[in-house]
Amino acid sequence: MKTTVMKTRTWVLINIFGIALGLITVSGIVISSDDDTHEKRWGDNIFKQSRLDVAPVKNTFYNDECGACHFPYQPGLLPARSWQRLMGGLEAHFGENAELELPDAQQLTDYLVKYAADTSSYKRSRGISRSINKNDIPLRISETRYFRRKHHELSTKMVKGNPKVRSFSNCELCHTQAAEGFYNEHQVTIPGYSQWDD
Ligand code: HEC
Ligand code: HEC
């Protein structure tokens, strides 16, 4: 009698284990099929993805057009309403004319809105999104509350007054892996300052 119970229990446990394994495999396949928001090969990249701060840009048209004058900021760095407003005023874009043909502008707006901070599950995107009052429409990432909180220890001398940096808009100068979507404070250097330690 006792052994039958034991056997049944073992059998149940083995089955639970089997189902769990199955679920892990299925979720792996689901994750790996969603290639724009997640890394492709889950076995290799699931750990890397969990450390990513924002979804990296994989849109070459965006990279070319919006990376012509500065670092191509990931869509996950501002909410959709910010991108819409910014894209509606490209002819007067921070003192530059960045106007585009209407279909091109529309295509880029769709891309930006689709992967905007307020619909992304990435850590920094959520942080940025939450830090903006719902009636505010910031046009700069560097003016969001989240950004300011993360950079308040940096002096004017290190950024504006630093000829090797000049502006907070130049993310990639300090965040050496920004293009891949990493903004971690451990991957930061400040040009002209041999060591950044907080
Ligand atoms: C003709 C040059 C030019 C092009 C093309 C251009 N920009 Fe800019 N952009 C600028 C300048 C100049 C600034 C201000 C940089 C600074 O303050 O140091 C800027 C700033 C920005 C900022 C604010 C960065 C911050 O400080 O947080 C965003 C966001 C931005 N651009 C998005 C875009 C997008 C999206 C596109 C493509 C549709 C684009 N830009 C194309 C010149 C350009
Ligand atoms: C002058 C150098 C510099 C520039 C330019 C810069 N950052 Fe940073 N950033 C830093 C430093 C240094 C830290 C870490 C601050 C700390 O630990 O107190 C940081 C922190 C961050 C963090 C938080 C990381 C963490 O681990 O908490 C994010 C996100 C970030 N930066 C995004 C950006 C983005 C996006 C841009 C461009 C719009 C940008 N940064 C421009 C130097 C810079």
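As shown above, the structure is provided for reference.
Residues numbered from 1 in each chain as written. Chains lettered and ligands numbered in written order. Predicted model: local features only at pLDDT ≥ 70, side-chain atom pairs only at ≥ 80, totals over all residues. Heavy atoms only, no water.

> Can you walk me through the pattern of salt bridges in this structure?
Once their charged atoms are close, side chains differing in charge can pair, the charge on each being opposite to the other. With the rule as written, the count across this model stands at 1 salt bridge. For D53, the salt bridge goes to R124, with nearest N and O atoms at 2.7 Å. Here R124 lies in helix 6 (residues 123-131) and D53 lies in the loop between helix 2 (42-51) and helix 3 (60-66), a separation of 71 residues in the sequence. Taken individually, D53 and R124 each receive the classification buried, so the pair is uniform in this respect. (Salt bridge = Lys/Arg side-chain N within 4 Å of Asp/Glu carboxyl O. Helix = DSSP H or I, 4+ residues; strand = E, 2+ residues; numbered from the N terminus. Buried < 20%, exposed > 50% of the residue type's maximum accessible area, 1.4 Å probe, protein only.)

> Help me out: how do you make sense of the nonpolar core in this one?
If you look at soluble globular proteins, the nonpolar side chains tend to sit buried side by side. In terms of nonpolar packing, the biggest core is built from 27 residues, with Y62, Y73, L77, W83, M87 and Y183 touching the most fellow members. Elements that contribute at least two residues to this core include exactly helix 3, helix 4 (80-87), helix 5 (102-114) and helix 7 (145-151). Beyond its immediate stretch of four places on either side in the chain, L77 contacts V54, A117, I128, I141 and Y183. In terms of nonpolar packing, the next biggest core, distinct from the first, is built from 7 residues, L154, V159, V165 and C174 among them. (Core = buried A, V, L, I, M, F, W, Y, C linked by side-chain atoms within 4.5 Å. Contact = heavy atoms within 4.5 Å.)

> How do you make sense of helix 4 when you look at a structure like this?
Listed in full, the buried residues belonging to helix 4 are A80, S82, W83, L86 and M87. On an axial view of helix 4, the arc spanned by its buried residues comes to 160°, and they lie on one face. Along its buried surface, helix 4 packs onto helix 3 and helix 5. (Arc of directions from axis to C-beta.)

> What's the story with the site of ligand 1 in this structure? I'm lost.
As a structural note, the neighbourhood of ligand 1 is formed by 21 residues, with C66, C69, H70, H93 and S142 the closest of them. A distance of 2.7 Å is found between an oxygen atom of ligand 1 and a side-chain nitrogen or oxygen belonging to S142. For the shell around ligand 1, the class distribution of residues is 12 nonpolar, 6 polar and 3 charged. (Near = heavy atom within 4 Å. Polar contact = N/O pair within 3.5 Å; in protein donor to acceptor, adjacent residues only side chain to side chain. Nonpolar A, V, L, I, M, F, W, Y, C, P; charged D, E, K, R; others polar.)

> Explanation requested: the environment of H70 in the structure shown.
Mapped onto the fold, H70 is located in the loop between helix 3 and helix 4. Between the alpha carbons of H70 and C171 there is a distance of 9.2 Å; along the sequence they are 101 residues apart. A distance of 3.5 Å separates the side chain of H70 from the backbone oxygen of C66, its partner in a polar contact.

> Quick question: what am I supposed to make of the site of ligand 2 here?
Near ligand 2 you find 21 residues, and of these H151, C171, C174, H175 and E185 are the closest. One of the side-chain N or O atoms of H151 is found 2.8 Å from a nitrogen atom in ligand 2. Contact between ligand 2 and H175: a nitrogen atom at 2.8 Å from a side-chain N or O atom of the residue. Those elements that provide at least two residues to the shell around ligand 2 are helix 7 and helix 8 (171-174). Broken down by element, the shell around ligand 2 gets its largest block of residues, 3 residues, from helix 7. When grouped by side-chain class, the residues that make up the shell around ligand 2 number 11 nonpolar, 5 polar and 5 charged.

> Is there a simple way to explain the coordination of the iron atom of ligand 1 in this structure?
A metal bound by six donors in octahedral fashion has ideal angles of 90 or 180 degrees, whereas one bound by four tetrahedral donors has an ideal angle of 109.5 degrees. Donor atoms from the polypeptide that coordinate the iron atom of ligand 1 comprise H70 (NE2) and H93 (NE2), at 2.0 Å from the metal. Taken together, the 6 donor atoms surrounding the iron atom of ligand 1 define angles of 88 to 179° at the centre, an arrangement classified as octahedral. Of this pair, H70 sits in the loop between helix 3 and helix 4 while H93 sits in the loop between helix 4 and helix 5, and the two are 23 residues apart along the sequence. Classification of H70 by relative accessible area gives partly exposed; the value is 27%. (Donors = N, O, S within 2.8 Å, 3.2 Å for Na, K, Ca; no water. Tetrahedral: all angles 85-135°; square planar, octahedral: opposite > 155°, others 65-115°.)

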